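# Architecture at a glance
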Amino acid sequence: MRTTEETEGFDGEASNTSMISGASSPYQPTTEPVHSRNVFGGIVCDMEYLKSYFGILKVVEVVLSLIGFICIETIMMCSPCGGVYFFEFVSCSALVVTGVLLLIFCLNIHTKVPHVNWSLTDLVNTGASTLFFFLSSLVLACINHNTGAEIAAVIFGFLVTVVYGINTFLAVRKWRRGAGCQGAAQASDYIRARTASRGEVEPRPELA
């Protein structure tokens, strides 16, 4: 039978061996803090975007489009109704598309879908809305029955046209800046690839 000292020595050697094997093992037990899962996948409201020029303009566009749509919907009788229907379609379409884009940019959903050119998408929407709001407001101004709802719709239609025009101007500038930066990056990558393929080494500046 083993004595008490031999048993203690054996246990000490076993513990040392397990510590050494555990230290050398690539599979180390780790304890990471468990974070609570976010139901919305990390989607938060970007208040900085709402305070920016684009955010403010989009909010104004949604509000004015909604007011114009409500005004045109209060018209019960019309003859002819072409101008009313045209303005109704434009205001409703602009309200829906601009509202969806506002939510996408405000909730940073566009960062989760990077393969879409959101600057160009916003530019196309603002440009088309500017054109069609101007045409529909002009048609409704020429073909109406001088009712209060029609006059109000025309006024708000021209107001939202101006707002969309300003947004289009800013969107064009933003899109050009993005296209210029992307073109410069592609040109730099192309030059670097040609240099590497020729086996040339770019000279490094000598240290003083």
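To be clear, the structure that these remarks concern was listed above.
Source: prediction; values computed, not measured. (Residues numbered from 1 in each chain as written. Predicted model: local features only at pLDDT ≥ 70, side-chain atom pairs only at ≥ 80, totals over all residues. Heavy atoms only, no water.)

A separate point is helix H3 (residues 53-73). For H3, built from 21 residues, the straight-helix expectation of 30 Å at 1.5 Å per residue is met to within 8% by its first-to-last C-alpha distance of 30 Å. Restricting attention to buried positions, one finds in H3 the residues Phe 54, Gly 55, Leu 57, Lys 58, Glu 61, Val 62, Leu 64, Ser 65, Gly 68, Cys 71 and Ile 72. (Helix = DSSP H or I, 4+ residues; strand = E, 2+ residues; numbered from the N terminus. Expected span 1.5 Å × (residues − 1). Buried < 20%, exposed > 50% of the residue type's maximum accessible area, 1.4 Å probe, protein only.)

What follows covers a nonpolar patch on the surface. A contiguous nonpolar surface patch, about 420 Å² in accessible area, is contributed by Leu 131, Phe 132, Phe 134, Leu 135 and Leu 138. Relative to the helices and strands, Leu 131 resides in helix H5 (residues 118-142). (Patch = residues over 30% accessible without salt bridge, like charges linked within 9 Å, V, L, I, M, F, W, Y side chains within 5 Å. Areas by Shrake-Rupley, 256 points an atom, 1.4 Å probe, with all protein chains shown as cover. Salt bridge = Lys/Arg side-chain N within 4 Å of Asp/Glu carboxyl O.)

By secondary structure assignment, the location of Thr 98 is in helix H4 (residues 82-106). Taking the relative accessible area as the measure of exposure, Thr 98 reaches 0% and is therefore buried. At 3.5 Å, the side chain of Thr 98 and the side chain of Asn 125 are in polar contact. Setting aside residues up to four positions removed in sequence, Thr 98 forms contacts with Lys 58, Glu 61, Val 62, Asn 125 and Tyr 164. (Polar contact = N/O pair within 3.5 Å; in protein donor to acceptor, adjacent residues only side chain to side chain. Contact = heavy atoms within 4.5 Å.)

Looking now at the state of the cysteines. Scanning the model with the defined rule gives one disulfide in all. The disulfide that involves Cys 78 links it to Cys 81, with 2.0 Å between the sulfurs. Its S-S torsion of about 110° marks the bond between Cys 78 and Cys 81 as right-handed, since a negative value means left-handed. Taking relative accessible area as the criterion, Cys 78 reaches 22% and is therefore assigned partly exposed. Owing to a relative accessible area of 17%, Cys 81 belongs among the buried residues under this scheme. (Disulfide = S-S within 2.5 Å.)

On to the environment of Val 90, then. As for its placement among the helices and strands, Val 90 is situated in helix H4. Separated by 39 residues in the primary sequence, Val 90 and Ser 129 place their C-alpha atoms 7.7 Å from one another. For Val 90, the contacting residues outside a window of four places in its chain are Phe 132, Phe 133 and Ser 136.

Attention shifts here to unusual backbone geometry. You will see that Asn 108, though not glycine, has its phi angle at about 60°, which is positive. Relative to the helices and strands, Asn 108 is located in the loop between H4 and H5. Positive phi outside glycine occurs at Asn 146, with the angle close to 60°. Relative to the assigned elements, Asn 146 resides in the loop between H5 and helix H6 (148-198).

Over its 25 residues, H4 runs 36 Å from end to end, which matches the ideal 36 Å to within 8%, given 1.5 Å per residue. Residue Asn 108 follows H4 closely and has a positive phi angle near 60°.

This part is about the environment of Val 160. By the element assignment, Val 160 lies in helix H6. Classification of Val 160 by relative accessible area gives buried; the value is 1%. Along the backbone, Val 160 and Ser 137 are 23 residues apart, and their C-alpha atoms lie at a distance of 10.0 Å. Not counting residues up to four positions away in its chain, the partners in contact with Val 160 are Glu 61, Leu 64, Ser 65 and Phe 133.

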